[in-house]
Amino acid sequence: MMRKPPQNRLPEFIAQPRRGLWRLAAPMMAGMSLHTIYLIVDFFFIGTISDDAVAAITLVGPLFFVMIALLNGMATAFTALVAQALGRQDEAEASRVASGSFGFSVLLGLAFLAMGGLGGQGILRLAGASGVVLDLAWAYFQILVFTVPLFFVSGALRSVLTGAGDAITPMVIMGIATVINLGLDWLFILGFGWGIAGAAWATAIANAISL
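The model shown is predicted, which means the values in this text are computed figures rather than measured ones.

A. Main features of the overall build of the protein chain. Along the backbone of the protein chain there are eight helices and zero strands. Along the protein chain, helices and strands appear, N-terminal first, in the series α-α-α-α-α-α-α-α. Relative to its length of 211 residues, the protein chain is compact, with a C-alpha radius of gyration of 19 Å against a globular reference of 17 Å. Projecting the C-alpha coordinates of the protein chain onto the three principal axes gives extents of approximately 60 × 30 × 30 Å. Across the 211 residues in the protein chain, those meeting the buried criterion constitute 40%. Expressed as a percentage of contacts within the protein chain between residues at least 6 apart in sequence, the contacts between residues at least 24 apart total 76%. Per element, the accessible surface of the protein chain, about 11000 Å² overall, is 72% carbon and sulfur.

B. Molecular detail of unusual backbone geometry. Phi is positive for Gln89, which is not a glycine, with a value near 65°. Mapped onto the fold, Gln89 is located in the loop between α3 (51–87) and α4 (91–126). In this structure Gln89 comes out as exposed when scored by relative accessible area, which is 53%.

C. A look at the packing of α4 against helix α6 (residues 148–163). Contact geometry of α4 with α6 gives a least axis separation of 8 Å together with a crossing angle of 155°. By the angle class used here, α4 and α6 are roughly antiparallel. The two elements α4 and α6 cross, and the hand of that crossing is right-handed. Contacts between α4 and α6 involve Ala98, Ser101, Phe102, Ser105, Val106, Leu108, Gly109, Leu110, Phe112 and Leu113 from the former and Val148, Pro149, Phe152, Val153, Ala156, Leu157 and Val160 from the latter.

D. Quick peek at the side chain of Thr203. Residue placement: Thr203 occurs in helix α8 (residues 196–210). Among the residues examined, Thr203 registers a relative accessible area of 10% and is labelled buried.

E. Representation of the environment of Ala177 in the model. Considering the arrangement of structural elements, one finds Ala177 in helix α7 (residues 168–191). In this structure the C-alpha to C-alpha distance between Ala177 and Ser130, which are 47 residues apart in sequence, comes to 32 Å. Look past the residues within four positions of Ala177 in its chain and what remains in contact with it is Ala206 and Ser210.

F. Quick look at a nonpolar patch on the surface. A cluster of nonpolar side chains, contributed by Phe192, Trp194, Trp201, Ile205 and Ile209, occupies part of the molecular surface with about 510 Å² of accessible area. Within the secondary structure, Ile205 sits in helix α8. With relative accessibility at 31%, the residue Ile205 sits in the partly exposed group.

G. Local environment of the packing of α7 against α8. Where α7 contacts α8, the two axes come as close as 8 Å, and the packing angle between them is 155°. Between α7 and α8, the crossing angle belongs to the class labelled roughly antiparallel. Handedness of the α7/α8 crossing: right-handed. When α7 is examined against α8, the residues Ile173, Ala177, Ile180, Asn181, Leu184, Asp185, Phe188 and Ile189 are found in contact with a partner set consisting of Gly198, Ala199, Trp201, Ala202, Thr203, Ile205, Ala206, Ile209 and Ser210. Taken together, the residues that form the contact of α7 with α8 break down as 12 nonpolar, four polar and one charged.

H. Geometry of the packing of aromatic side chains. Counted under the stated rule, the structure contains nine aromatic pairs. Ring centres of Phe192 and Trp194 lie 5.2 Å apart, and the angle between their planes is 50°; this geometry places the pair in the tilted category. Feature note: the residues Phe64, Trp138 and Phe141 constitute an aromatic cluster, connected by ring pairs.

I. Expanded view of α6. With 16 residues, α6 extends 23 Å between its outermost C-alpha atoms, agreeing within 8% with the 22 Å of an ideal straight helix rising 1.5 Å per residue. A large share of α6 lies buried, amounting to 13 of its 16 residues. Directly after α6, the chain includes Gly165, whose backbone phi takes a positive value near 95°.

About the cut-offs
- Residues numbered from 1 in each chain as written.
- Predicted model: local features only at pLDDT ≥ 70, side-chain atom pairs only at ≥ 80, totals over all residues.
- Heavy atoms only, no water.
- Helix = DSSP H or I, 4+ residues; strand = E, 2+ residues; numbered from the N terminus.
- Rg over C-alpha atoms; globule rule 2.2 N^0.38 Å.
- Buried < 20%, exposed > 50% of the residue type's maximum accessible area, 1.4 Å probe, protein only.
- Contact = heavy atoms within 4.5 Å.
- Areas by Shrake-Rupley, 256 points an atom, 1.4 Å probe, with all protein chains shown as cover.
- Axes fitted to C-alpha atoms, helices over the stretch in contact; angles between N-to-C directions.
- Parallel < 35°, antiparallel > 145°, perpendicular 65-115°, else oblique.
- Left-handed = near helix turned anticlockwise from the far one by under 90°.
- Patch = residues over 30% accessible without salt bridge, like charges linked within 9 Å, V, L, I, M, F, W, Y side chains within 5 Å.
- Salt bridge = Lys/Arg side-chain N within 4 Å of Asp/Glu carboxyl O.
- Nonpolar A, V, L, I, M, F, W, Y, C, P; charged D, E, K, R; others polar.
- Phe/Tyr/Trp six-rings, centres within 6.5 Å; stacked < 30°, edge-to-face > 60°.
- Expected span 1.5 Å × (residues − 1).

Okay, here's the thing in structure tokens:
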């Protein structure tokens, strides 16, 4: 069972600020490095399918980068609000922020789900997809779009933990999800021969496990 993070680590950070800074920053840097490694290896597996599959992922990628940018902005706000509340010794406010972050992330995720599910093909056409590339891009996109709410909620919960001074648990979760994703890429693409849909299912399952 995963350990319960401490409610307030402010006294520890005040006593040893340099150590506290690195205890927050190092896991976050490690988590981002794992994500970069995942993207590189994921493209390798997709590249074994076909050139059209790589072109399809290249078109879908910017759409999800917009989502990731919004998620990062949202996560930064939640982290700061939780940290400020705990810094004021107001754990009730920190709890309210955590609850609000959960609700807001659900609503934002559902909004992206609705936009992607209803207008995804049109967006991909505007991005330049056509023919086989459009079919592949939509096969990938329509699977991932249904896990967008899970992705947003998971990101919000990680930001709350970081704001409470626990950056290690989010890093561990991201590491586990990355390893699972890459393992499922190998199984679904090379083992089962599911093609680009296999890459999408691998990411979707990893997102669900991360949450």
